[in-house]
Amino acid sequence: MVKGLKKLPKHIGFIIDGNGRWAKERGQTRSMGHKAGFRNLERIIKECFYTYGIPVVSIYAFSTENWNRPQKEVDYLMQLFRQCINEEFRDKYPNVRLNIMGDHTRLDKDLSDACAKVMVETKDITEFTLNLGINYSGKAELTYAFNQMAEEGLKNITAEDIDNHLYTKGQPPLDFCVRTSGENRLSNFMLWQIAYAELYFPEVHWPAFNKRDLYTALKVYQGRDRRFGAIKE
Ligand code: FPP
């Protein structure tokens, strides 16, 4: 039992929203918001893994729709990914398998190669997994899975077949999804894996979502009655 929490999710997801609004409230640029959001991401991911022992963490970092943002903002976000993946990942996240969700080949070649390299280097780690959604959307993931199954000639497709063709193959489904900044929507995040997840929408903007907010979120999760469509006798 960690810090009085009895029931923890095996798989937690974060839709990290509100970097821009956080910056605007402080008279700062959107890039400053992303920089603060990036720093916070590291704090919260580490807290999930190393304080609470949650084995799988999924982050919606850059969606397939985020390419439509101004080029300057996209470039800045790509620079942050570069920093995370190139220089820091193995040192900052020991015992963590990196799993990029999304087609990373659409990124600049150096970044795509770096993603592939870290994924290969960490592929046998079983303790913790970080699913990083980059150029990711739930619909794109499902489309990719269906096309793979079609190519393999699969017939009478089962839910298990679909599980096995997603980026999260072999992982538990999402138990708990946190979206910061007060919007109550999923925005195309892990549409299959989220089927029975508990959802939580705190008002706080992502850069300000701190360790105490994570604890509060996990307390909320603990209080949820998960029935998976069944009833209690
Ligand atoms: C949402 O805030 C945030 C994003 C679209 C990008 C978040 C990405 C990072 C912080 C960098 C991630 C780094 C790694 C290592 C993957 P918003 O800009 O939509 O906020 P707003 O809705 O208030 O404008």
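Residues numbered from 1 in each chain as written. Predicted model: local features only at pLDDT ≥ 70, side-chain atom pairs only at ≥ 80, totals over all residues. Heavy atoms only, no water.

1. Examining the sheet that holds strand S2 (residues 56-63)
Strands sit in the order S3-S4-S2-S1-S5-S6 across an open sheet of six strands; the sheet is parallel. Looking along the sheet, the strands with just one partner apiece sit at the ends: strand S3 (96-101) and strand S6 (198-200). Geometrically, the sheet is characterised by an average inter-axis angle of 20° between neighbouring strands, direction not taken into account. Contacting S2, S3 and strand S4 (128-136), helix H3 (residues 71-92) runs over the sheet at an angle of about 145° to S2. (Pairing = 2+ DSSP bridges. Helix = DSSP H or I, 4+ residues; strand = E, 2+ residues; numbered from the N terminus. Axes fitted to C-alpha atoms, helices over the stretch in contact; angles between N-to-C directions. Contact = heavy atoms within 4.5 Å.)

2. Some details on the nonpolar core
The biggest cluster of nonpolar side chains holds 48 residues, and the ones touching the most others in it are Ile 12, Phe 14, Ile 59, Ile 85, Leu 98, Leu 130 and Leu 214. The greatest single-element share of this core, amounting to eight residues, is contributed by H3. Excluding anything up to four places from it in sequence, Ile 59 contacts Phe 14, Ile 16, Leu 41, Ile 45, Met 101, Leu 130, Asn 131, Leu 132, Gly 133 and Phe 189. (Core = buried A, V, L, I, M, F, W, Y, C linked by side-chain atoms within 4.5 Å. Buried < 20%, exposed > 50% of the residue type's maximum accessible area, 1.4 Å probe, protein only.)

3. A few points about the site of the ligand
Among the 18 residues in the neighbourhood of the ligand, the closest are listed as Ile 16, Gly 20, Arg 21, Arg 30 and Arg 69. At 3.0 Å, a backbone N or O of Gly 20 approaches an oxygen atom of the ligand. Here an oxygen atom of the ligand and a backbone polar atom of Arg 21 are 2.7 Å apart. Mapped onto the shell around the ligand, the elements with two or more residues apiece are helix H1 (19-25), helix H2 (30-51) and H3. (Near = heavy atom within 4 Å. Polar contact = N/O pair within 3.5 Å; in protein donor to acceptor, adjacent residues only side chain to side chain.)

4. Here we look at the pattern of salt bridges
Under the criterion given, the structure shown has 20 salt bridges. Taking the shortest distance from any N to any O, the salt bridge between Arg 82 and Asp 108 comes out at 3.3 Å. Note that Arg 82 is positioned in helix H3 and Asp 108 in the loop between S3 and helix H4 (109-121), a separation of 26 residues in sequence. Bridged by salt links that share partners, the residues Asp 17, Arg 21, Arg 179, Glu 183 and Arg 185 form one connected network. (Salt bridge = Lys/Arg side-chain N within 4 Å of Asp/Glu carboxyl O.)

5. As for helix H7 (residues 211-223)
Helix length check: H7, at 13 residues, gives a terminal C-alpha distance of 19 Å against a target of 18 Å (1.5 Å per residue), a fit within 8%. Within H7, burial applies to Leu 214, Ala 217, Leu 218 and Tyr 221. The arc enclosing the buried residues of H7, seen along the axis, measures out at 95°, which places them on a common side. Exposed side chains of H7 directed beyond 90 degrees from the buried face belong to Arg 212 and Gly 223. If you check the start of H7, you find a side-chain oxygen 3.1 Å away from the backbone N of Arg 212, and it comes from Asn 210. (Expected span 1.5 Å × (residues − 1). Arc of directions from axis to C-beta.)

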